[in-house]
Amino acid sequence: MYDLKDIIGHENIKEFIHNVLASRKIPHAFIFEGEKGCGKMLTAKTFAKILQCTEDEYGVCGKCKSCLQMESNNQPDVIVVNKSKKNYTIDDIRKGLTSDVQIKPYAGPYKIYIIPEAHLLREDSQNAILKTIEEPPEYAIIMLLTENAESLLATIRSRCVTLKFNMVDMIKIKKYLMEHYNIPEYQAQTSAVFADGNIGKAIRYAENEDFIDIRNEVVGMLKSINNMSEYELMTYSKRIAENKDNILEYIDLMQLWMRDILVYKSTNNDNMIIFREETEYIRELSRLYSYDQIDRIFSGIQELKTSIKLNVNIELILELMLAKFAI
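Calculation rules
- Residues numbered from 1 in each chain as written.
- Predicted model: local features only at pLDDT ≥ 70, side-chain atom pairs only at ≥ 80, totals over all residues.
- Heavy atoms only, no water.
- Helix = DSSP H or I, 4+ residues; strand = E, 2+ residues; numbered from the N terminus.
- Buried < 20%, exposed > 50% of the residue type's maximum accessible area, 1.4 Å probe, protein only.
- Polar contact = N/O pair within 3.5 Å; in protein donor to acceptor, adjacent residues only side chain to side chain.
- Contact = heavy atoms within 4.5 Å.
- Arc of directions from axis to C-beta.
- Core = buried A, V, L, I, M, F, W, Y, C linked by side-chain atoms within 4.5 Å.
- Salt bridge = Lys/Arg side-chain N within 4 Å of Asp/Glu carboxyl O.
- Pairing = 2+ DSSP bridges.
- Axes fitted to C-alpha atoms, helices over the stretch in contact; angles between N-to-C directions.
- Parallel < 35°, antiparallel > 145°, perpendicular 65-115°, else oblique.
- Left-handed = near helix turned anticlockwise from the far one by under 90°.
- Nonpolar A, V, L, I, M, F, W, Y, C, P; charged D, E, K, R; others polar.
- Expected span 1.5 Å × (residues − 1).

Time to look at the side chain of Thr190. Assignment of secondary structure puts Thr190 in helix H8 (residues 185-195). What makes Thr190 buried here is its relative accessible area of 18%. One polar contact links the side chain of Thr190 to the main-chain carbonyl oxygen of Tyr186, over a distance of 2.9 Å. Other than its neighbours up to four places away in sequence, Thr190 contacts Phe211 and Ile212.

Laid out in structure tokens, this is it:
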């Protein structure tokens, strides 16, 4: 855990980390940008573990006190700054970063602050961070993890090294799932394909024993949605909403279905379709859906995901979103 070899793909980022370590010139501030589940947190913690390791300059020994503390998430000089509400408040940043950063490291050479979901930082919180980035103590390193770097102030972006996390090759994901999760090849293949380059999603799919059944259910529902009555749509929405453990899988699959339709409509390229066995049906739908309809569906999916994060009653929102699939 927390070793560069455990990071799947992202070779350019691993090479950057190696080069920075070799140069012995560590920037004080980073932005890790990429979609949820792409490996930002694993990379941040791995980088932090290497920086704090007392026995290995370019890797992790796994035996020193700092490495053992990192394994147990108990390294006092590596701080994950969490938010107390929907967005980070100024108090969250004061408590987790700006007040604490004045205290020198307890043991290691650095104090490292990891801020997940930095796109949820309010402007006042960002300004507080900016002051630290502008005049950091020599031992301070700040890592901002975000799905959208543009949500951060331009003044913050200009003072950070930005590392962008891209999609991981499907073959690498498949191999990783088979080796680390001991699942059969067909399950690893399916999980890798539907993860669409996102290792976090692939792991979630691989760990979910019901994923194949959910996938088949979603495809069947979307293929018959034009013939569903309002009552059937309401009943189906209620069942998905109540299945809280798997609701993200349902939504991801619906989004990937529309992604296939949009991609084929734009490119006429069969090779880019994820639901390969449904190619003929997706071709037909790509002709029937307008770009405006597709955009409305994607907007509905995004609204649904936001509602889930806010922990509100999503049944009605889900029903309205599904209704948009009908042609």
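So much for the structure itself; the text now carries on.
The next thing to look at is helix H4 (residues 90-98). Within the span of H4, buried status applies to Ile90, Asp92, Ile93, Gly96, Leu97 and Thr98. Angular distribution of buried residues about the axis of H4 spans 150°; they occupy a single face of the element. In the core, the buried residues of H4 are packed alongside strand S2 (78-80), strand S3 (111-115), helix H5 (123-134) and strand S4 (140-146).

This brings us to the nonpolar core. Within soluble globular proteins, side chains that are nonpolar tend to cluster in buried spots. Counting residues in each nonpolar core, the largest one holds 53 residues, and the members touching the most others are Leu177, Phe194, Met254, Trp257, Leu322 and Phe325. With 10 residues, the single largest contributor to this core is helix H12 (residues 247-267). Leave out the neighbours within four places in its chain, and Phe194 touches Tyr205, Phe211, Arg215, Leu253, Leu256, Ile274 and Phe275. Counting residues in hydrophobic clusters, the runner-up holds 29 residues, among them Leu21, Ile50, Val60 and Cys64.

A complete count under the given rule lists 21 salt bridges for this structure. The residue Arg283 makes a salt bridge to Asp270 at a minimum N-O spacing of 2.1 Å. Of this pair, Arg283 sits in helix H13 (residues 279-288) while Asp270 is found in the loop between H12 and H13, placing the two residues 13 residues apart along the sequence.

Bringing the sheet that holds S2 into the picture now. With respect to topology, five strands assemble into an open sheet ordered S2-S3-S4-S1-S5, the strand pairing being parallel. Each of the sheet's edge strands pairs with one partner strand only, and the pair in question is S2 and strand S5 (161-164). Averaged over all pairs of adjacent strands, the angle between their axes in this sheet comes to 20°, without regard to strand direction. For S2 and S3, the ladder comprises three bridges, and the chain directions are parallel. Residue Ile79 lies in a different strand from S3, and its bridge partner there is Tyr113.

A few words on the pairing of strand S1 (residues 29-33). Burial runs high along S1: five of the five residues are buried. Pairing of S1 with S4 involves five bridges; the strand directions are parallel. Across the sheet, the residue bridging to Glu33 is Thr146, located in S4. Bridge count between S1 and S5: four bridges; the pairing is parallel. The residue bridging Glu33 from the neighbouring strand is Lys164, located in S5.

Let's shift gears to the packing of H4 against H5. In a pair of packed helices, the angle between the axes and the distance between the axes together describe the arrangement. Where H4 contacts H5, the two axes come as close as 8 Å, and the packing angle between them is 25°. Put simply, H4 runs roughly parallel to H5. As for how H4 packs across H5, the hand of that crossing is right-handed. Between H4, through Ile90, Ile93, Leu97 and Thr98, and H5, the contact on the second element is made entirely by Asp124, Ser125, Ala128, Ile129 and Thr132. Residues belonging to the contact of H4 with H5 are distributed by class as follows: five nonpolar, three polar and one charged.

Another aspect to go through is H5. Across its 12 residues, H5 extends 16 Å between first and last C-alpha, which sits within 8% of the 16 Å expected from 1.5 Å per residue. Inspection of H5 places Ser125, Gln126, Ala128, Ile129, Leu130, Thr132 and Ile133 among the buried residues, and these make up the whole buried set.

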